[in-house]
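Letter by letter, the chains look like this.
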Amino acid sequence: MNDKLVVFPGSFDPVTQGHVDLIKRGAALFGSLTVAVLVNNQKNALFTPAERVELLRKALADVSGVTVEQFDGLLADFLKARGARVVLRGVRAAADLEAENRNHWYNSRLLPGLETVYLPAGEEYAYVSSSSVKELYAHGGHLPGLLPEPVAEKLKEKFSK
Ligand code: PNS
């Protein structure tokens, strides 16, 4: 087991400033962090996996110690393949905690010894989610500070077509 390998998984459709804040804090706390992008998300993704990875790499270009990878299927299998057992997730409100506890329940049965570490979302990002931001941009609302600049540009481009 490689306890130094901490994995921050997600759909990142697209990455928000809330994610960037958590990734920076996670990398500072643990020294390094692997961001794992779920490819086969059941949710109808707006961005392709390649676009999501590219936007993450751009958004995190100035953050050291962070690598971005993709995974398909179960998170526990990705961790097993890497010899990792530590997952980092951000939590906004109580509903997030409920969902994260449920995922942990499954993940830790699939991979005994797996631990999930929660960080509270940055206060200024308490209501920032990829889905809300997509809805906002779909209808021409462009609030500042929610998205890394390349993501905001790409979203505007998607919805101008
Ligand atoms: O950004 P999200 O959508 O909140 O991320 C959720 C994610 C990708 C971390 C979670 O859905 C996940 O790990 N999916 C992979 C399938 C899996 O292992 N599910 C948990 C046990 S059933």
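Reading the values: rules and limits
Residues numbered from 1 in each chain as written. Predicted model: local features only at pLDDT ≥ 70, side-chain atom pairs only at ≥ 80, totals over all residues. Heavy atoms only, no water. Buried < 20%, exposed > 50% of the residue type's maximum accessible area, 1.4 Å probe, protein only. Helix = DSSP H or I, 4+ residues; strand = E, 2+ residues; numbered from the N terminus. Pairing = 2+ DSSP bridges. Right-handed = clockwise from strand over helix to strand, strands pointing away. Patch = residues over 30% accessible without salt bridge, like charges linked within 9 Å, V, L, I, M, F, W, Y side chains within 5 Å. Areas by Shrake-Rupley, 256 points an atom, 1.4 Å probe, with all protein chains shown as cover. Salt bridge = Lys/Arg side-chain N within 4 Å of Asp/Glu carboxyl O. Contact = heavy atoms within 4.5 Å. Arc of directions from axis to C-beta. Phe/Tyr/Trp six-rings, centres within 6.5 Å; stacked < 30°, edge-to-face > 60°. Lys NZ or Arg CZ within 6 Å of the ring centre and 35° of its normal.

S.K.: So what exactly am I meant to see when it comes to the pairing of strand E1 (residues 6–10) here?
M.R.: Regular strands have side chains that alternate between both faces of the sheet. The buried fraction of E1 amounts to five of the five residues, a majority that puts the element mostly inside the structure. Neither face of E1 is left uncovered, since the one carrying Val-6, Phe-8 and Gly-10 and the one carrying Val-7 and Pro-9 both have all their residues buried. Direction of pairing for E1 relative to strand E4 (residues 86–91): parallel, over a ladder of two bridges. For Val-6, the partnering residue across the bridge sits in E4 and is Val-86. The β-α-β motif built from E1, the intervening helix H1 (residues 17–30) and the parallel element strand E2 (residues 33–38) has right-handed crossover chirality.

S.K.: Can you walk me through a nonpolar patch on the surface in this structure?
M.R.: A contiguous nonpolar patch, built from Leu-74, Trp-105, Tyr-106 and Leu-110 and spanning about 420 Å² of accessible area, is present on the exposed surface. Here Tyr-106 is to be found in helix H4 (residues 94–110).

S.K.: Quick question: what am I supposed to make of the environment of Gly-65 here?
M.R.: Take Gly-65: it is sitting in the loop between helix H2 (49–59) and strand E3 (66–71). Judged by relative accessible area, Gly-65 falls into the partly exposed class, the value being 36%. In sequence terms Gly-65 and Val-128 are 63 residues apart; their C-alpha atoms lie 25 Å from each other. Each residue touching Gly-65, except ones within four places of it in the same chain, is listed here: Gly-31, Ser-32 and Leu-33.

S.K.: In this structure, what is going on with helix H5 (residues 130–138)? I would like to understand it.
M.R.: An α-helix turns once every 3.6 residues. As a result, residues three or four positions apart point the same way. Buried within H5 are the following residues: Ser-130, Val-133, Lys-134 and Tyr-137. Along the long axis of H5, the arc covered by the buried residues comes to 100 degrees, so they all point the same way. Of the surrounding secondary structure, the elements contacted by the buried residues of H5 are H1 and helix H6 (149–160). Following H5 by one or two positions, Gly-140 adopts a phi angle in the positive range, close to 80 degrees.

S.K.: Which parts of the structure should I look at to understand the packing of aromatic side chains?
M.R.: The description of an aromatic ring pair uses the distance of the two centres, along with the angle that the planes make with each other. For the structure on display, the rule yields three aromatic pairs. Summarising the aromatic geometry, the rings of Phe-8 and Phe-12 are spaced 5.9 Å apart at their centres and angled 35 degrees between planes, so their arrangement reads as tilted. Taken as a pair, Phe-8 and Phe-12 share a single burial class, namely buried. Centre to centre, the rings of Trp-105 and Tyr-106 are 5.1 Å apart; their planes meet at 75 degrees, and the pair counts as edge-to-face. Residue classification places Trp-105 among the partly exposed positions, given a relative accessible area of 44%. Its guanidinium or amino end placed over the ring of Trp-105, Arg-109 lies 3.8 Å from that ring's centre, counting from NZ or CZ.

Just geometry here; none of it tells us what the structure is for.
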